[in-house]
Amino acid sequence: MPATEIRPPLLSRVPCRTWVLLDGLWAVGVGLSYVALVTYHGTGWVGVVSALATTLPLAVRRIWPRSVFCLVAACALWMQALIPTGAELLAQPMALYMVGRLVGGRWAGGALAMALAVAGIALLQPPIDRTMVMQALLAGGVLVAFWAAGLMMRERGLYIERLAAHAEERVRTGAAEERLRIARELHDIVGHSLSTIAVQAGVAEHVGRPEVMSRALYSIGETTRSALQETRRVLGVLREDGEASLAPAPTLSDLPELVERTRAAGIHVSLSVTGDVPHELGLTVYRIVQEALTNVIKHAGAGHSRVTVAQEVDGTRVEVVDDGRGGGPGASGHGLAGLRERVRMFGGAFEAGPRPLHGFRVYALLPPQDATERPNRTQSQMTPGRTASAEEQ
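Computed from a predicted structure; not experimentally measured.

## Quick look at a nonpolar patch on the surface
Here comes step 1: Side chains of Val-28, Leu-32, Leu-52 and Leu-56 sit close together on the surface and give an oily, nonpolar patch of about 330 Å² of accessible area.
Here comes step 2: On the secondary structure map, Leu-32 appears in helix α1 (residues 16-40).
Here comes step 3: Residue Leu-32 is classed as exposed on the basis of its relative accessible area of 57%.

Here it is in structure tokens:
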């Protein structure tokens, strides 16, 4: 089903030049009525000029709202001296509205006070009677109504702009987070698989025994098929038609297969999973173990590695240690940084660094699910005696 196009309100789609044209027509119409009025009172060419000077500037009130209002207010006082009928108050509300709509702030408040003063001078001429007071109140009400309408339209426009900017920022933030998530997924999938394949290919190339070569080639095939399946799953999520056949994401039940692929690379791995780990943490636990074992294959030069996943009172503990040469602070990459971000999303603690004597250790503690909304745990909440390393392999 095609998405419905979101369009701005009708009045917002009218071009500015069209509004200026409409203002010009309005100014000419009011100007002609003013000319007729001053002609009726016999003011001569002075009245005609005053009438046109009071009304024609309304044509550009959207371009120069302050200047137009000041000119209209000054000419209104002059018109009051020529024909003390209050008819010149027709132009002031239109100019005042645009000041509130486009300028706002203290300037709009000062403009309202000026317009009310002009209306009072024009209408409250001695001797003051009840009719004059009612006319002045009515004129003041009209001015306040136009002023308030202008301010409301200004606030509405500003609100829509802020809303649009906020929505655009949310879209940008969501897109950036999604790109980061996809990058982490692809890094975990491709990085581990290619590392295992590279090791197995090296074994097949340098070892001439048929049984070793056969086992290495079989491991390469299995690793390749697994990587292709997971890559199709990630890419299927990106399809717009949503019709791709998606494989399920890895879970804790896939850890033995991951361990077997690592063992095929020549590293003895022991796996221990205890307790009932929450299902929603399965993918995160799998990725932590996958990245840690990838680093063991690529960098550690280890012969043995131990993987521990345990559900404890404090949360789910994931620990991967090896007996290799450990890491150095100069190591670079995005794997451990991605893991740290994954764990942080659950409000957990993460640390990675060399062990005291030899080897490397990756440790994560994912809190219980009723605590995932808490702020990230501080360093003091991590396992005592452990320090985080700057190595991001």
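## Here we look at the side chain of Thr-308
Here comes step 1: Secondary-structure assignment places Thr-308 in strand β2 (residues 304-312).
Here comes step 2: Using a relative accessible area of 13% as the deciding quantity, one classes Thr-308 as buried.
Here comes step 3: Among all residues touching Thr-308, those that are not within four sequence positions of it are Ser-272, Arg-317, Val-318 and Glu-319.

## Topic: the pairing of β2
Note on strand geometry: in a regular strand, side chains alternate between the two faces of the sheet.
Here comes step 1: Pairing geometry for strand β1 (residues 268-274) and β2, over seven bridges, is parallel. Bridge pairing links Val-269 to Ser-305 in β2.
Here comes step 2: Here eight bridges tie β2 to strand β3 (residues 315-322), and the two strands are oriented antiparallel to one another. Of the residues in β3, the one forming a bridge with Ser-305 is Asp-322.

## Quick notes on the nonpolar core
Here comes step 1: The biggest cluster of nonpolar side chains holds 32 residues, and the ones touching the most others in it are Val-289, Val-309, Phe-350 and Val-362.
Here comes step 2: Within the residue set of this core, elements represented by two or more residues are α8 (255-264), α9 (282-300), β2, β3, α10 (335-345), β4 (349-354) and β5 (360-366).
Here comes step 3: Broken down by element, this core gets its largest block of residues, eight residues, from α9.
Here comes step 4: Ranked by size, the runner-up nonpolar core spans 28 residues in total, among them Val-38, Val-103, Ala-108 and Leu-123.

## Things to note about the confidence of the model for the protein
Atom-level detail of predicted coordinates should not be read off regions where pLDDT is low.
Here comes step 1: When pLDDT is averaged along the protein, the result is 76, and 69% of the positions lie at 70 or above.
Here comes step 2: Confidence drops under a pLDDT of 50 for residues 328-333, and excluding neighbours within four residues, the segment shows 10 contacts in the predicted structure.
Here comes step 3: For residues 371-393, every residue scores under 50 in pLDDT, and the model assigns this stretch 54 contacts once sequence neighbours within four places are set aside.

Scoring rules and cut-offs
- Residues numbered from 1 in each chain as written.
- Predicted model: local features only at pLDDT ≥ 70, side-chain atom pairs only at ≥ 80, totals over all residues.
- Heavy atoms only, no water.
- Patch = residues over 30% accessible without salt bridge, like charges linked within 9 Å, V, L, I, M, F, W, Y side chains within 5 Å.
- Areas by Shrake-Rupley, 256 points an atom, 1.4 Å probe, with all protein chains shown as cover.
- Salt bridge = Lys/Arg side-chain N within 4 Å of Asp/Glu carboxyl O.
- Helix = DSSP H or I, 4+ residues; strand = E, 2+ residues; numbered from the N terminus.
- Buried < 20%, exposed > 50% of the residue type's maximum accessible area, 1.4 Å probe, protein only.
- Contact = heavy atoms within 4.5 Å.
- Pairing = 2+ DSSP bridges.
- Core = buried A, V, L, I, M, F, W, Y, C linked by side-chain atoms within 4.5 Å.
- pLDDT = per-residue confidence, 0-100.

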